[in-house]
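What follows is the residue order along each chain.
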Amino acid sequence: MDPEFLKTITFVETAETSESDFHPKTFDEYCGQKELKTKLKLYTDASRMRNEPLDHLLLFGPPGLGKTTLAQIMAQVMDVGIKICSGPTLERAGDVVAILSSLESKDILFIDEIHRIPSTVEEMLYNAMEHYRVDVIIGQGAGAKSVNLPINPFTLVGATTKAGMISAPLRSRFGITERLDFYLEDELCEIIEQNARFLQVVLEKGAAMLIARCARGTPRIAKKLFRRIRDFAQVNNNNQATIELVQQALDFLGIDEEGLNAVDRKIIETIAITFNGGPVGLETIASMIGEDSETIEDVYEPFLMRKGYLEKTPRGRQIPRAMLPRFLKSAGGQKTLFS
Ligand SMILES: Nc1ncnc2c1ncn2[C@@H]1O[C@H](COP(=O)(O)OP(=O)(O)OP(=O)(O)O)[C@@H](O)[C@H]1O
Ligand SMILES: [Mg+2]
């Protein structure tokens, strides 16, 4: 493979890797996901003992739950290299051939948003995953010929937020398929405390739980909220995050005691008040509140559904009947949410 060609490829770093932030580097530092961790630890130990690459692994799960981080930990534990790239940037099969040829034996190739790779790339991956071979076109025009070349045995770790969008042939080539679930509040607390220790912020007992409750089951959101609270603590309270300070910061950020933000409240309000609890179509809600429908579906709805505030039905979104009176309590004749 032409080394110059390799230089043209950009590897997209998808995990947050800023130095000023804590990032788990071992399974022990990776909080929660206990069952998944136990399985992956076992698989990585077994393949290390056999001195073989790990079987190809497909990770499903909503954004920010730690898929990229997990792949990096596995590479660290197995003491192999990892290349991280993103499905939409792998436009040409030739680019992928170049990446695959550059992998050392047992290395991990992590492809984020794997549901977005073009079909030509996908077909090329089949052969690479199964037989560790790639087809390379040598020469141009009439003299061009296809040569089937071996590559080093490697592990493909694919990550996707959209389970349903992976084609069946691609999915069937992964030996291990696992799902990441939303985190429990206790687990998010642990992540927040881990970050507080790293950033040397003093957290009052109970303050971490207050943040965890607003983190929508997602480590990325927990960390983001904690960073904003740290700003508050630094400027106003000598780096001490007391319960009172956290409460003030959450109010300032527009997050209520239920963990709902302004957009969540708008969605609920629109369905409850304007459409009498629904059902109402996603597109209608999107245009009423001025948000993109995909964002509503991927970012806001999962949390609202887990809270029991929203239901999906074949006729559209609705507020569960039992919840409606609570959302419709009128204050001084005017209908307001949670009043
Ligand atoms: N189990 C965990 N323990 C501690 N920190 C975590 C954990 N999972 C994720 N994080 C942190 O949360 C952030 C998001 O993780 P990561 O980038 O791995 O998510 P992702 O699932 O790859 O998201 P996306 O689907 O958007 O690519 C990172 O800063 C990571 O360090
Ligand atoms: Mg990622």
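This text goes with the structure placed above it.
For the structure given in this document, a descriptive report is provided here. (Residues numbered from 1 in each chain as written. Chains lettered and ligands numbered in written order. Predicted model: local features only at pLDDT ≥ 70, side-chain atom pairs only at ≥ 80, totals over all residues. Heavy atoms only, no water.)

Before going further, it helps to examine the pairing of strand β2 (residues 82–86). As paired elements, β2 and strand β3 (residues 108–112) share 5 bridges and run parallel to each other. In the strand pairing of β3, I82 is matched with I108. Between β2 and its parallel partner β3, the chain crosses via helix α4 (residues 93–101), and the hand of that crossover is right-handed. (Pairing = 2+ DSSP bridges. Helix = DSSP H or I, 4+ residues; strand = E, 2+ residues; numbered from the N terminus. Right-handed = clockwise from strand over helix to strand, strands pointing away.)

We now examine the environment of A98. Following the sequence through the fold, A98 ends up in helix α4. Given a relative accessible area of 0%, A98 falls into the buried group. (Buried < 20%, exposed > 50% of the residue type's maximum accessible area, 1.4 Å probe, protein only.)

Looking at the second largest pocket, its volume works out to about 480 Å³. Along the wall of the second largest pocket there are 21 residues; nearest its centre are R216, T218, I221, K224 and V299. Elements with a minimum of two residues in the lining of the second largest pocket: α9 (219–236) and α13 (293–306). (1 Å grid on protein atoms, 1.4 Å probe; cavity = no way out; pocket = protein on both sides within 12 Å on 5 of 7 lines; lining within 4 Å. Points joined across faces, edges and corners; volume = space filled by probe spheres on them.)

Quick look at the site of ligand 1 now. The local shell around ligand 1 holds 21 residues, among which C31, K67, T68, T69 and K223 are the closest. For ligand 1, a nitrogen atom lies 3.1 Å from a polar atom in the side chain of Y183. Within the side chain of K223, a nitrogen or oxygen atom sits 2.8 Å from an oxygen atom of ligand 1. Bound to the protein, ligand 1 loses 95% of the 640 Å² it would expose on its own. For the shell around ligand 1, the secondary-structure elements that each account for two or more residues are α3 (67–78), α7 (185–198) and α9. The class makeup of the residues in the shell around ligand 1 is 9 nonpolar, 7 polar and 5 charged. Shared between two domains, the shell around ligand 1 holds at least three residues of each, these being domain 1 (3–179) and domain 2 (185–252). (Near = heavy atom within 4 Å. Polar contact = N/O pair within 3.5 Å; in protein donor to acceptor, adjacent residues only side chain to side chain. Areas by Shrake-Rupley, 256 points an atom, 1.4 Å probe, with all protein chains shown as cover. Nonpolar A, V, L, I, M, F, W, Y, C, P; charged D, E, K, R; others polar. Domains from an automatic or database assignment.)

Turning next to the packing of α4 against helix α5 (residues 119–131). It is at 9 Å that the axes of α4 and α5 come closest, and there the two elements cross at 30°. Considering the angle they form, α4 stands roughly parallel to α5. In this structure, the crossing between α4 and α5 has a hand that is right-handed. For the pair formed by α4 and α5, the contact residues are A93, V96, V97 and L100 on the first element and T120, V121, M124, L125 and A128 on the second. (Axes fitted to C-alpha atoms, helices over the stretch in contact; angles between N-to-C directions. Parallel < 35°, antiparallel > 145°, perpendicular 65-115°, else oblique. Left-handed = near helix turned anticlockwise from the far one by under 90°. Contact = heavy atoms within 4.5 Å.)

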